[in-house]
Amino acid sequence: MNSPSSSDVERPARSAVVVNPAKVADIGRLRRTVEKALSAAGWPAPMWFETTVADPGGGQTRRAIEAGAEVVFVCGGDGTVMSCVSELVGTDVAMAVLPQGTGNLLAANLGLSNDLAAGIQVAIERGHRQLDVGVVDGRYFVVMAGMGFDAEMLAATSETTKARIGWPAYVMGALRHLRDRPMRVSIRVDDAAPVHRRARTVLVANVGRLQGGVRLLPDAEPDDGWLDVAVLTPRTLGHWASLGWAVLRRRRRVPRLEVFRGRRVEITSNRPQPRELDGDLIDPGRTLRVDIRPRALWLCVPQPAGAPDLAVDAGAAAERGRELIDGVEERP
């Protein structure tokens, strides 16, 4: 894939918005805000596509690419993002995230603001970062894949509770499964000999932050060409407490947690397990095979791209975006 040239950055870009209507309270207002902000920046009006239950984003993104979009705004939760990524991988089309879900893990890990104005401004300023993506059975993910407890937690968390209280709903789902029995797993990383563990969950991560800002894998980076594998082996409530406390305190050594790193991972359980990709449940199975596709996705990020403190850049982008939006809303 080619990086946008300076001439590309200077000229207005053709864009599209893929929006999950279930995540947006007022789509009409969203559309007016986005179109006015892009118009003020000299961009043409974007194409609009709404997701459906039958097609949560992939088909809409494909049609946007075929119609010539150079930037695709994705407005929804992690599931919407994952569906759109499946069509953007391997193209020169950049994704701009307008987070509207509960977890918003990609946005949290990449320093992207939940502010609508910031999301629009980041795309306009054309800062880009090329991300790795994980591959499971032909499906792509950008955050993490998991087998075991994490998928059980997701299954136990209701959409109603998430909508009412946000990410703490996952804690309630997790409490229901803390005492479940572990699974016996064989874990093979690249060409190394398999390791055998009694684990509660195995996560294969492209980034390191979980719901609520908890950083489980501090060394995971989304563009380093590696997958970080977290094996959690707590057996008692005390084990869970010590593990959670160490993670919250950001200690380098965490009890009941092992970390491996590789480019190809195969996890095999002694019995079928719930599985997930980027917070979306997939069919249960005994095996989870994950490969990495390095630097396969362009993402719009705050300028300057790759800055050490993207949160600061995101805040500045939000301020510039609000000024832009306030300016166009004040016009008669």
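If you're wondering where the values come from, they're calculated on a predicted model, not measured in any experiment. (Residues numbered from 1 in each chain as written. Predicted model: local features only at pLDDT ≥ 70, side-chain atom pairs only at ≥ 80, totals over all residues. Heavy atoms only, no water.)

1. With respect to the overall build of the protein chain
The cut-off we apply is this: The helix count covers DSSP runs of H or I at least four residues long, the strand count covers runs of E at least two residues long, and both are numbered beginning at the N terminus. Only protein chains enter the accessibility calculation, which uses a 1.4 Å probe. A residue is then buried if its area is under 20% of the maximum for its type, exposed if over 50%, and partly exposed in between. Every residue pair with non-hydrogen atoms within 4.5 Å of one another is taken to be in contact.
A tally of regular secondary structure across the protein chain gives eleven helices and 14 strands. Evaluated residue by residue, the protein chain yields a buried proportion of 52% over its 332 residues. A separation threshold of at least 6 residues defines the contact pool for the protein chain, and within that pool the share at least 24 residues apart is 72%.

2. Some remarks on the packing of helix α2 (residues 27-40) against helix α6 (residues 116-125)
Spelled out, the test is: Comment: axis = line fitted to C-alpha atoms, over the contacting stretch for helices; angle = value between 0 and 180 degrees taken between N-to-C directions. The crossing is said to be left-handed when, going from far helix to near helix, the turn is anticlockwise and less than a right angle, and right-handed when the turn is clockwise. Polarity classes work like this: nonpolar for Ala, Val, Leu, Ile, Met, Phe, Trp, Tyr, Cys and Pro, charged for Asp, Glu, Lys and Arg, and polar for all others, with Gly in that last group.
It is at 11 Å that the axes of α2 and α6 come closest, and there the two elements cross at 35°. For the crossing formed where α2 meets α6, the hand is right-handed. Mapping the contact onto sequence places Leu 30, Thr 33, Val 34, Ala 37 and Leu 38 in α2 and Leu 116, Ile 120 and Ile 124 in α6. Residues of the contact of α2 with α6, tallied by class, amount to seven nonpolar, one polar and no charged.

3. Focus: helix α4 (residues 78-88)
Where burial is concerned, most of α4 is hidden: nine out of the eleven residues are buried. All of the buried residues along α4 are Asp 78, Gly 79, Thr 80, Val 81, Met 82, Ser 83, Cys 84, Val 85 and Leu 88. Looking at the residues trailing α4, positive phi occurs at Gly 90, about 80°.

4. Here's the deal with the pairing of strand β10 (residues 201-205)
Basically, it comes down to this: Two strands form a pair only when DSSP identifies at least two bridges running between them.
With five of five residues buried, β10 lies mostly within the body of the structure. Pairing between β10 and strand β11 (residues 227-232): five bridges, direction antiparallel. For Leu 203, the partnering residue across the bridge sits in β11 and is Ala 230.

5. Things to note about the confidence of the model for the protein chain
Worth spelling out the cut-off: Every residue carries a pLDDT, the predictor's confidence in it, which falls somewhere between 0 and 100.
A residue-level look at the protein chain finds 86% of positions with pLDDT of 70 or above and a mean pLDDT of 87. Note that pLDDT drops below 50 for residues 305-309; the model gives that stretch two contacts with residues more than four away or on any other chain.

6. Here's the deal with the environment of Val 71
With respect to the helices and strands, the residue Val 71 is situated in strand β3 (residues 71-76). For the pair Val 71 and Pro 46, spaced 25 residues apart in sequence, the C-alpha separation works out to 9.3 Å. Sequence-distant contacts of Val 71, that is, excluding residues within four places in its chain, are made with Ala 13, Arg 14, Ser 15, Ala 16, Trp 43, Val 93, Ala 94, Ala 96, Ala 123 and Cys 300.

7. A few points about unusual backbone geometry
With phi around 65°, Arg 126 is a residue other than glycine that occupies positive phi space. Positionally, Arg 126 belongs in the loop between α6 and β5 (128-136). Accessibility expressed as a relative area gives 8% for Arg 126, which makes it buried. A positive phi angle is found at Arg 256, which is not glycine, with a value near 65°. Inspection of the secondary structure assignment puts Arg 256 in the loop between α10 (237-248) and β12 (257-262). A relative accessible area of 33% means that Arg 256 is categorised as partly exposed.

8. Side note on a positive patch on the surface
Note the cut-off: The residues that make up patches have over 30% relative accessible area and no salt bridge, and they are joined within 9 Å when like-charged or within 5 Å when they are Val, Leu, Ile, Met, Phe, Trp or Tyr. All accessible-area figures derive from a Shrake-Rupley calculation using a 1.4 Å probe, and residue coverage is judged against the displayed protein chains alone. In what follows, salt bridge is the name for a side-chain nitrogen of Lys or Arg lying within 4 Å of a carboxyl oxygen of Asp or Glu. The charge count treats Lys and Arg as positive and Asp and Glu as negative. His and the chain ends do not count. Every charge is mapped to an atom, namely NZ of Lys, CZ of Arg, CG of Asp or CD of Glu.
A cluster of basic residues, Arg 184, Arg 198, Arg 235 and Arg 256, forms a positive patch on the protein surface. Along the chain, the position of Arg 235 falls in the loop between β11 and α10.

9. Some details on the packing of aromatic side chains
Applicable threshold: Within 6.5 Å between ring centres, the rings of Phe, Tyr and Trp (the latter by its six-membered ring) count as paired, and their orientation is classed by plane angle as stacked under 30 degrees, edge-to-face over 60, tilted in between. Our definition puts a charge over a ring when NZ of Lys or CZ of Arg is within 6 Å of the ring centre and also within 35 degrees of the ring normal.
Taken as a whole and assessed by the stated rule, the structure comprises one aromatic pair. Taking 4.7 Å as the distance between ring centres and 40° as the angle between the ring planes, the aromatic pair formed by Phe 149 and Trp 240 counts as tilted. Taken together, the residues Phe 149 in helix α7 (residues 149-155) and Trp 240 in helix α10 connect sequence positions 91 residues apart. Exposure class is identical for Phe 149 and Trp 240. Each is buried. Positioned above the aromatic ring of Trp 226 is the side chain of Arg 263, whose terminal nitrogen or guanidinium carbon lies 3.7 Å from the ring centre.

10. Side note on α10
The line we're drawing: Given the number of residues in a helix, its expected span is that number minus one, multiplied by 1.5 Å. It is the directions from the helix axis to the C-beta atoms that the arc portrays.
With twelve residues, α10 extends 16 Å from end C-alpha to end C-alpha; this agrees with the ideal 16 Å at 1.5 Å per step. Trp 240, Leu 243, Ala 246 and Val 247 are the residues of α10 that are buried. When α10 is viewed along its axis, its buried side chains cluster within an angular range of 135° and face the same direction. Of the surrounding secondary structure, the elements contacted by the buried residues of α10 are α7 and β11. Backbone geometry just after α10 places Arg 250 at a positive phi near 60°.

11. Some points on the pattern of salt bridges
Throughout the structure, instances matching the rule amount to twelve salt bridges. Its salt-bridge partner being Arg 14, residue Glu 70 comes within 3.4 Å of it at the nearest N-O pair. On the criterion of sequence distance, the pair formed by Glu 70 in the loop between α3 (58-66) and β3 and Arg 14 in the loop between α1 (6-10) and β1 (15-19) is long-range, its members being 56 residues apart. For Glu 70, a relative accessible area of 15% corresponds to the buried category. The shortest N-O distance in the salt bridge between Arg 289 and Glu 266 comes to 3.4 Å.

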